[in-house]
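# Breakdown of the fold
Listed below, chain by chain, are the residues.
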Amino acid sequence: MPETMLERLVQEGVISPLTFGFAAFLADEFILKEGSTALFTAALVSERNQSGDTCIDLSMLANHPLFDVALDFPGHCPLAPGLDDWLSILGAEVWIGAPGDTAPLILEPPRLYLGRFWHLENRVREGISRCLSKRPLIDQRKLREGLARLFPVAQNTSRPDGQKVATALAVMRNLAILSGGPGTGKTTTVVKVLALLLEQDSEMRIQLAAPTGKAAARMVDSIEARKRSLAVETAILEKIPEQASTLHRLLEYDGHGFGANSKNPLLLDCLVIDEASMIDLPLMAHLLEALPANARLILIGDRDQLSSVDAGNVLGDLTGRGQIIRYSPVTADRLAVLTSVPVQLLPTSTEAVGLADSIALLEESYRFGTNSDIGRLSRMVNRGQSDEALSLLECSSSAEVEWSEMTGLSVCTDLIEQAVSSYAHYSLSATPEAALASFDGFRVLCATRKGATGVGEINRLIGEGLRRKSPSLDSTACHGQPVMITINDYESGLFNGDIGLLWADDSGFLRAWFRFPGETRSFPLRDLPEHVPAWAMTVHKSQGSEFDRVFLILPPEDNHPLLCRELIYTGITRCREQIIIHASRRALISGIRRKLDRSSGLAEKLGWRKCPSWERNGSEQP
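Residues numbered from 1 in each chain as written. Predicted model: local features only at pLDDT ≥ 70, side-chain atom pairs only at ≥ 80, totals over all residues. Heavy atoms only, no water.

## Examining the environment of Thr184
Turning to its location among the elements, Thr184 is positioned in the loop between β5 (175–180) and α9 (186–200). For Thr184, a relative accessible area of 4% puts it in the buried group. Spatially, the C-alpha atom of Thr184 lies 31 Å from that of Arg449, the residues being 265 residues apart in sequence. Apart from residues lying up to four places away in sequence, Thr184 is in contact with Gln163, Leu362, Glu363, Glu364, Ser365 and Tyr366. (Helix = DSSP H or I, 4+ residues; strand = E, 2+ residues; numbered from the N terminus. Buried < 20%, exposed > 50% of the residue type's maximum accessible area, 1.4 Å probe, protein only. Contact = heavy atoms within 4.5 Å.)

What follows is the structure, given as structure tokens:
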């Protein structure tokens, strides 16, 4: 029977063993009493950090229970004191430092950080400030002519051409952030940006990168497909890069540290990063410090997608956490001159945040038109309109969207059989390259890794279904089996989340085939890093990927901690042609209403005003 409150909390699964160990270390090192408010607060900071928060906001937690415990929790959950008393208690502890100190925790009222994350957050703030302080010299006449050539006269003169404005902004600014949903033309815009940058400086060293190998490969494919149609000279086209790297490879990460840093900066003039929503706080801090002093940085992503797996919501913080982007009058005037867009059509404010002048939102979808049910559903989910989204799923007459209602605690047999049938085709491909392309036509996405609706169980059920259709298939490794790497392996160049296929060579021996940017490589099974079956994957792991058809499986519990609108939106927007959502009515409604806002101080430090929606992690919209 546990004797202390911390032991009860870890035994009941309220805190993790890592949090318990951290609190136990503090208690032993600084001789803290078991019931110490400061000790419980430190445990809360550690626990919330593991859930993605970089800090806790004491003002939002004062006078509330510190932990979310079940009704039958043995004992009383520790209660937070009032804010003033809480700040006084924490400020008296020698192991809680002030901003800039080196200490286990840093108190920057009203926020409390793990010391490492306070410093990471401020390294990102400093890096962004360095980028904003640089003003690249551009030939405005040449840029204006290039924009006119690449963007013919718009048909709709009542609204600005978002891609044209974004392109002009990205060439004007040392830091540019392009955010938009699927099909809004982010890649098309970036290709034009690169062409215009090279027209400004034909010797510019441009590097493409993404957080994962899959995202890097898609980035290369998209740029190759679009650049040939540009109205620019052949010499310029040939200089637009057709190779991309993962960020870890780019930064020369060896498993222990980054080879590229402030003392050994990257050899480039412009860095373009796709799928920026996947970048966590530590990686962004290292990236910004490795940039040369005058290098351009272009971040591309969707600020409404899920945040990174690890702590931070960097892209969301950079773009104001959903706030309307308005330009300063000076920037709006420059954009109007360069693009011939009437300045009154540009969102402008004399109180615009400085960082806003580096942000372009692409909002018009060219993939999902106004009549597309996939597009309508994704917009409804993104706005938290649960009733409207449910009505669309129930009443839609198109094949684009479908709701398969979950009535129990596990996935229905019919859905598993549909998945098995959908996966049967790719193994008939003539080559592993063709099989990899065919395999990407369909995917099962889950919210969780564990449980009856998690990736592990769904992979087991699909594998069993495929083996029933082909009894000759081995239960462990067989021709056509998809695999996902689960660790970073720097020797092979395979990283956590990379997906490949097991495929027999001409001699009948199985090898694992993976797509790399610009090529496909194979590996003997004995050399393959740790991996798992990958017919199903988590929504988080699917970021940076797109599929023709998607089955999205949500957990049955309407209060599941991972269930939120960002997860559902991200799952829906992975598909191009059809989305089937398998979920209970209550879970679907709850997930769409629940907005996940990670606690962070970065947005405010970058000048954004605090909004009510930034409050308590997991806020719900009525």
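Right, picking up where we left off after that structure.
## Considering the sheet that holds strand β16 (residues 519–524)
Paired through backbone hydrogen bonds, the strands of a sheet run either parallel or antiparallel to each other. On the basis of which strands lie adjacent, the open sheet formed by five strands has the order β16-β15-β14-β13-β17 and antiparallel pairing. Pairing within the sheet leaves two strands with one partner each, and these edge strands are β16 and β17 (531–533). Averaged over all pairs of adjacent strands, the angle between strand axes in this sheet comes to 35°, irrespective of strand direction. Here strand β13 (residues 482–485) runs beside strand β14 (residues 499–504); their pairing, made up of three bridges, is antiparallel. Looking at the pairing, Val483 lines up with Gly500 of β14. Running over the sheet, helix α19 (residues 432–439) touches β13, β14, β15 (510–516) and β16 and is turned about 135° from β14. (Pairing = 2+ DSSP bridges. Axes fitted to C-alpha atoms, helices over the stretch in contact; angles between N-to-C directions.)

## Some points on the environment of Ala352
One can find Ala352 in the loop between α15 (329–339) and β10 (359–362). Separated by 27 residues in the primary sequence, Ala352 and Ile325 place their C-alpha atoms 8.1 Å from one another. Ala352 has contacts with Arg326, Tyr327 and Ser328, leaving out every residue within four places of it along the chain.

## Here's the deal with the packing of aromatic side chains
Tallying each qualifying case throughout the model produces nine aromatic pairs. Ring geometry for Tyr423 versus Tyr426: centroids 6.3 Å apart, planes at 90°, classification edge-to-face. Taking relative accessible area as the criterion, Tyr426 reaches 3% and is therefore assigned buried. Judged by centre distance (5.6 Å) and plane angle (25°), the ring pair of Tyr423 and Phe439 falls under stacked. Of the two residues, Tyr423 sits in helix α18 (residues 413–423) while Phe439 sits in helix α19, which places them 16 residues apart along the sequence. (Phe/Tyr/Trp six-rings, centres within 6.5 Å; stacked < 30°, edge-to-face > 60°.)

## A word on the pairing of β14
Pairing of β14 with β15 involves five bridges; the strand directions are antiparallel. When the sheet's bridge partners are listed, Leu502 is paired in β15 with Ala512. Where β14 hands over to β15, the hairpin turn is made up of five residues, of which Gly508 adopts a positive phi near 90°.

## Side note on the pattern of salt bridges
Inspection of the entire model under this criterion finds 26 salt bridges. Between Asp387 and Arg593 there is a salt bridge, with its nearest N and O atoms 3.8 Å apart. Of the two residues, Asp387 sits in helix α17 (residues 386–395) while Arg593 sits in helix α23 (residues 585–593), which places them 206 residues apart along the sequence. Using a relative accessible area of 30% as the deciding quantity, one classes Arg593 as partly exposed. For Arg460, the salt bridge goes to Glu457, with nearest N and O atoms at 2.6 Å. With Arg460 and Glu457 both in helix α20 (residues 455–469), this residue pair falls three residues apart, about one helical turn. Bridged by salt links that share partners, the residues Arg218, Glu546, Asp548 and Arg576 form one connected network. (Salt bridge = Lys/Arg side-chain N within 4 Å of Asp/Glu carboxyl O.)

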